[in-house]
Amino acid sequence: MRLTKQTAYGDNLLTNLTTQCVDKIHSNRLEGNHRHIYIVGAPTGVGKTHLSIQEMIPKLHNEFGTRVFFYTAPQSQLVGKPALRRHLNDLQKNSGLDVELITGPITDYDIEDEIENLRDGKIVLFAMTDSTFNNRVGQIKNVLDKNNFQYGEATLLIDEAHYGSVSHRDWMPVSLGSPSNSKYNAIKFNNVVSLLDTMICIGLTATRTIQMTDQLGTDKYVVATDYPIKEQLIFRTAAMQDVSYYDDDSNWFDIGKPSLITRF
């Protein structure tokens with residue numbers, strides 16, 4: 001039996017994760033309990049950037065009327081135009097949404113100017129490093145409040161959300177397996193928490209910490225999706241090549257030739 005042109009799990013899994021997350025946000029919002037960082041967990045290589053840009057943006061725009069997105073990551077290469085442009089091109093081609101990417105050395109003026117002059121039907125995506133986010137979080141909140149943004153009209157997408165996620169230095173040993181660091185001040189965690197009344201905050205990570213899954217030391221994390229199981233991931237490498245299956249009684253080795261298998 002040979003199966004060719006096998007479809008990778010692709011968007012079906014990613015769309016399902018997005019739907020789970022949005023449903024969790026809706027249910028918590030209806031209960032008046034929306035002040036959370038919603039955690040989407042999936043293994044490395046699953047396509048979390050694809051999920052963020054091509055799945056989350058149109059879904060959140062349709063469900064909550066989100067017009068402004070902030071996308072953060074620890075490394076600058078993850079938020080540069082080369083890393084995001086293809087995803088945005090595909091997003092605009094598939095959805096028709098008009099998305100403007102703002103990245104690089106984003107200033108307070110950039111944030112204010114882009115948001116205050118946002119045209120009807122347009123979406124703006126600010127892509128920035130964690131460091132830039134930490135330096136601009138006050139301006140982000142001020143501009144959204146000044147322009148009367150309602151909850152859901154802006155969203156923070158946090159890539160590699162485990163970075164800087166520990167709520168307090170005392171929880172570092174159980175969360176990361178590392179000793180408490182007297183210099184750790186949880187600046188990123190606290191900055192994200194400061195926005196929970198203002199916007200939807202979604203964290204994406206391959207390595208969920210125990211604080212995220214068990215809420216040790218904080219009630220701000222909510223696991224918003226199931227973690228994909230191996231049956232959902234098995235075709236991941238099939239995207240660029242054929243997949244071959246062999247019947248159980250196939251003769252894998254020519255008995256007349258040397259084999260690397262040794263029987264004891």
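The numbering scheme is per chain: residues are counted from 1 as the chain's sequence reads. Only residues with pLDDT of 70 or above have their local features reported here, since the model is predicted, and side-chain atom pairs are shown and tallied only from 80 upward, although totals for entire chains, interfaces and linings are computed over all residues. The side-chain quantities take in all heavy atoms of the structure and omit both hydrogens and water.

Participant: Help me out: how do you make sense of the pairing of strand β4 (residues 98–102) in this one?
Facilitator: Here is the key point about a regular strand: its side chains alternate between the two faces of the sheet. In this analysis, strands are considered paired if DSSP registers two or more bridges between them. Numbering goes from the N terminus for both helices and strands, where a helix is a DSSP run of H or I of at least four residues and a strand is a run of E of at least two. Two strands pair when backbone bridges link them, and β4 and strand β5 (residues 122–129) are joined in this way by 5 bridges, in the parallel orientation. Following the sheet pairing, Ile102 is matched in β5 by Phe126. Of the crossover connections in this fold, the one passing from β4 over helix α4 (residues 108–116) to the parallel β5 is right-handed. Looking down the strands as they point away from the viewer, one classifies a crossover as right-handed if the path from the first strand across the helix to the second runs clockwise.

Participant: Would you take a moment to explain the sheet that holds strand β2 (residues 37–41) for this structure?
Facilitator: Paired through their backbone hydrogen bonds, the strands of a sheet run either parallel or antiparallel. Strands sit in the order β4-β5-β3-β6-β7-β2-β8 across an open sheet of 7 strands; the sheet is parallel. What marks the edges here is a single partner per strand, and that holds for β4 and β8 (221–223). Looking at each pair of strands side by side, their axes are set apart by 25° on average, direction ignored. Here β2 pairs with β8 via 3 bridges, running parallel. Residue Tyr38 lies in a different strand from β8, and its bridge partner there is Val222. We call two residues in contact when some of their heavy atoms are within 4.5 Å. Structural elements are reduced to axes, namely lines fitted to C-alpha atoms, with helices fitted over the stretch in contact, and the angle between N-to-C directions of any two is expressed from 0 to 180 degrees. Set on the sheet, helix α2 (residues 48–64) makes contact with β2, β3 (68–73), β5, β6 (154–159) and β7 (200–205); between it and β7 the angle comes to about 160°. Its contacts with the sheet place α4 against β3, β4 and β5, and it is angled at close to 165° to β5.

Participant: I tried to follow helix α3 (residues 81–95) on my own but got confused; where do I start?
Facilitator: Every α-helical turn comprises 3.6 residues, leaving residues that sit three or four positions apart pointing alike. In this scheme, a helix's expected span is set at 1.5 Å multiplied by one less than its residue total. Over its 15 residues, α3 extends 20 Å from the first C-alpha to the last, a length consistent with the 21 Å expected when each residue adds 1.5 Å. In the core, the buried residues of α3 are packed alongside α2, β3, β4 and β5. Note on α3: the residue one or two positions beyond its end, Gly96, has a positive phi of about 80°.

Participant: Explain the pattern of salt bridges here, please?
Facilitator: Oppositely charged side chains may form a pair once their charged atoms are brought near each other. The rule for a salt bridge is simple: a side-chain nitrogen of Lys or Arg has to be within 4 Å of a carboxyl oxygen of Asp or Glu. Applying the stated rule across the entire model yields 12 salt bridges. Two residues, Asp197 and Arg35, come together in a salt bridge whose shortest N-O distance is 2.8 Å. Taken together, the positions of Asp197 in the loop between α7 (187–193) and β7 and Arg35 in the loop between α1 (10–30) and β2 put the pair 162 residues apart, joining distant regions of the chain. Connected through shared salt-bridge partners, Arg86, Asp90 and Lys93 make up one network.

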